Amino acid sequence: MRTDSRAEPASPGAGPRSAVPAGPPSAATRRLGRPGRPGRREWLLAAVLLAPNLVLLAVFTYRPLVDNVRLSFTDWNISSPRAEYIGFDNYVEWAGRPDSWKVLGITLVFTVATVLGSMLIGLLMALVLDQNLRARGLVRSIVFAPYVISGAAIGIAFQFVFDPRFGMIQDLLGRAGLDSPNFYQDPDWALFMVTTTYIWKNVGYVFVIYLAALQGRRIELDEAARIDGTRPLRHFFRIVLPQLKPTTFFLSVTVLLSSVQVFDIINVMTRGGPMGNGTTTMVYQVYQETFVNTRAGYGATVATIMFVILLVITVVQVRLQDSSGLERRRPRR
Amino acid sequence: MTDSTPVPLTAALPEGAGVDAPAPRRTGRQATRRGVSGTVLGYLSMLLIAAVILVPIAFILLTSLKERPDIYTQPVQWFPDSFTGQNYSTVIEDVPFVQYFLNSVLITTVLTVVQVVLGIVTAFALVFLNFPGRHVVFLFVIAALMVPNQITVISNYALAADLGWRNTYAGIIIPLAGVAFGTFLLRNHFASLPREIIESARLDGTGPFRLLFRILLPMSWPTVVAFTLITIVTEWNQYLWPFLMADTSEVAPLPVGLTLLQNNEGSTNWGPVMAGTILTMIPILIVFLFLQKQMIKGLTAGAVKG
């Protein structure tokens, strides 16, 4: 019981409070009189309680994960009951098609822009709203609010916000004497539009996490810097930012995972276009190949490739964190 | 498939951090040090931040209240001579918006109840019951967080179609019902509770259910509430899976209904579409307005001990 409870993902915040105190053998085993050998009744109860969730996860998460890989070796067309195994043909096709690399590039641009953009803007917002300002509570709520709204609703509404003829952006640009780019037809500007919309909706999440981290930082260091007369910028880079390092790593993993997976905003705003695939990310390509072009086998191939890429990136991120983050975090508290 | 909540897998925050956590020692002092120009800069930045979020929302809201000719003008008439509720009545009368709304309520309610119950019993079994392979079971549950929905949809779609689940509530709900994130959150919370109370309760011969309902849950409401709220938001906004499962208004939830509305009206008639998006946003914003602290607590809870 004890060893299990302790084997949770390492947490920098895991101070003495989270550690399970060593104590006498578990009351559960003692009650049943056989330390180390769980009672049959308890085992049964655990099985009954766990079964529904485990079955759901097995059937709807792990089974399709494996099945997706199998499908990637077929020419299945989603509606027919038959599918031929065609070996690596789909993978060969993927590697040979120019649009694969274009979609990969768009995914990369979208992901890097949304991750960097929302983390930078979210951090700046958190720094401002960490100050002692009147009404900051209200503005904090305002910043977080879009995060709880449906991405589809925001995407649809922002399509009109970006409308090159009657929208809000063209109006603001017009008042500044500028012409509006054609967000609907120019692929680069369309990508800009979905990226901006995504950041607008999700920056509140980054903001909330950074704000919590800022509020938990060590005040003594600020104090010391103040006494030393450290300049604000230097203070930020030397004292505040290093303390936010674990949070930054954490956000880079979670924000990346969710922004790679975006579907709703692209589906309602551009349907992957303009010019065919101007804003088609890999996730959107999976949907299009599978459900629009009814090439489920090929869609499954793209999905598998995407999953492998994601897995590699996440493992690299976690490795980086392990090698650079731990020593720094130790001395805290 | 699991929900797509961004998940605090590793703890990223210092202990005791939280948005509602006061930062008292810092504030007063800073104000005196910052000086007038700093304060002005602070307020200007805050104003800019608020404007970036609020101006587009105001634009959408105002558009939803405009008559059609007032929407299609250049330059934009932010405040036309008269406002109208016409777009809202169009959406409610001509489009089965009420049906979408009820579908959303039903799907969200069922999924939330099921996920909260499953999350609690799974976490309870993982922390308080003795059975072989417990660690493996825990890994099995949290590893599901790493599987993106997009890789599961193709096969799940095929399965659901085979079972005749397309355009049914069951088809939307059941594949989304597994709980990985909530199990993680609640398990960490249960593991952080003071062992002494639980040990002594069990020494008194308290049965597992009594332990759960009389002792554990009363100590866990903040975490349970936080998880419930995150689930409500996630399921209310759930898109890809219901979008694939429902292509008629019968079972489609609001975000999918909105897409159907957009397909029909599109750029030719923005008024009702804007009214529809506002109607979709309002219920969840009301929940948010009253319970944001608890919700934020849930998001930061992977790090901050609940």
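Residues numbered from 1 in each chain as written. Chains lettered and ligands numbered in written order. Predicted model: local features only at pLDDT ≥ 70, side-chain atom pairs only at ≥ 80, totals over all residues.

**Details of the overall build of chain A**
Within chain A, the secondary structure is distributed over 15 helices and zero strands. Going through the 333 residues of chain A one by one, you find that 44% of them count as buried. For chain A, the share of sequence-separated contacts (at least 6 apart) that also reach a separation of at least 24 residues comes to 66%. (Helix = DSSP H or I, 4+ residues; strand = E, 2+ residues; numbered from the N terminus. Buried ≥ 20, exposed ≤ 12 C-beta atoms within 10 Å, placed from the backbone. Contact = placed C-beta atoms within 7 Å.)

**A word on the domain arrangement of chain A**
Looking at the assigned domains, one finds that chain A contains domain 1 (25-71) and domain 2 (91-329). For domain 1 of chain A versus domain 2 of chain A, the separation of C-alpha centres amounts to 37 Å. (Domains from an automatic or database assignment.)

**A look at the domain arrangement of chain B**
Residues and elements named next belong to chain B. The assigned domain composition of chain B is domain 1 (35-84) and domain 2 (95-300). Between the C-alpha centres of domain 1 and domain 2 the distance comes to 34 Å. Contact with domain 1, which involves seven residues of that partner, is made by six residues of domain 2. Among the secondary structure elements, those contributing two or more residues to the side of domain 1 that touches domain 2 are helix 1 (24-64) and helix 2 (68-71).

**Re the packing of helix 10 (residues 208-236) of chain B against helix 13 (residues 270-300) of chain B**
Residue and element names in this part refer to chain B. Packing of helix 10 against helix 13 brings their axes to within 8 Å, and their N-to-C directions diverge by 125°. In terms of their interaxial angle, helix 10 and helix 13 are classed as oblique. Helix 13 is crossed by helix 10, and the crossing has left-handed handedness. Together, Pro-222, Val-225, Ala-226, Phe-227, Leu-229, Ile-230, Ile-232, Val-233 and Trp-236 of helix 10 and Ile-284, Val-287, Leu-291, Gln-294, Met-295, Lys-297, Gly-298 and Leu-299 of helix 13 make up the contact between the two elements. For the contact of helix 10 with helix 13, a count of residues per class yields 14 nonpolar, two polar and one charged. (Axes fitted to C-alpha atoms, helices over the stretch in contact; angles between N-to-C directions. Parallel < 35°, antiparallel > 145°, perpendicular 65-115°, else oblique. Left-handed = near helix turned anticlockwise from the far one by under 90°. Nonpolar A, V, L, I, M, F, W, Y, C, P; charged D, E, K, R; others polar.)

**Some points on unusual backbone geometry**
Residue and element names in this part refer to chain A. The phi angle at Ile-78 is positive, at roughly 70°, despite the residue not being glycine. Locating Ile-78 in the fold gives a position in the loop between helix 3 (40-71) and helix 4 (89-96). Classification of Ile-78 by C-beta neighbours within 10 Å gives buried; the count is 20. At Arg-271, a position not held by glycine, the phi torsion is positive, near 50°. Position of Arg-271 among the secondary structure elements: in the loop between helix 13 (264-269) and helix 14 (282-292).

**Some points on the nonpolar core**
Of all hydrophobic cores here, the largest spans 164 residues; its most connected members are Ala-157, Val-206, Phe-207, Val-208, Tyr-210 and Val-283 of chain A together with Phe-124 of chain B. Broken down by element, this core gets its largest block of residues, 18 residues, from helix 9 (residues 187-215) of chain A. (Core = buried A, V, L, I, M, F, W, Y, C linked by C-beta atoms within 7 Å.)

**Examining the packing of helix 6 (residues 136-148) of chain A against helix 13 of chain B**
Two numbers describe a pair of packed helices, the interaxial angle and the distance between the axes. Running from N to C, helix 6 of chain A and helix 13 of chain B point in directions that differ by 110°, and their axes come no closer than 10 Å. One way to sum up the angle between helix 6 of chain A and helix 13 of chain B is to call them roughly perpendicular. In the crossing of helix 6 of chain A with helix 13 of chain B, the sense of the turn from one axis to the other is right-handed. Counting all contacts with helix 6 of chain A, which are made through Ser-141, Phe-144, Ala-145 and Val-148 of chain A, the residues of helix 13 of chain B involved are Ile-284, Leu-285, Phe-288, Gln-292 and Ile-296 of chain B.

**Brief notes about the environment of Phe-236 of chain A**
All names here are of chain A. Along the polypeptide, Phe-236 turns up in helix 11 (residues 232-243). Residue classification places Phe-236 among the partly exposed positions, given that 14 C-beta atoms sit within 10 Å. For the pair formed by Phe-236 and Leu-127, sequence separation is 109 residues and the distance between their alpha carbons is 9.8 Å.

**With respect to the confidence of the model for chain A**
Residues and elements named next belong to chain A. Averaged over all residues, the pLDDT of chain A is 84; the fraction at 70 or higher stands at 86%. By mean pLDDT, the top-scoring element of chain A is helix 5 (residues 98-129) (95), and the lowest-scoring one is helix 1 (residues 2-6) (37). In the model, residues 1-36 has pLDDT below 50 throughout and makes 59 contacts with residues more than four positions away in sequence or in other chains. Counted against residues more than four places away or in other chains, residues 325-333, with its pLDDT under 50, gives nine contacts. (pLDDT = per-residue confidence, 0-100.)

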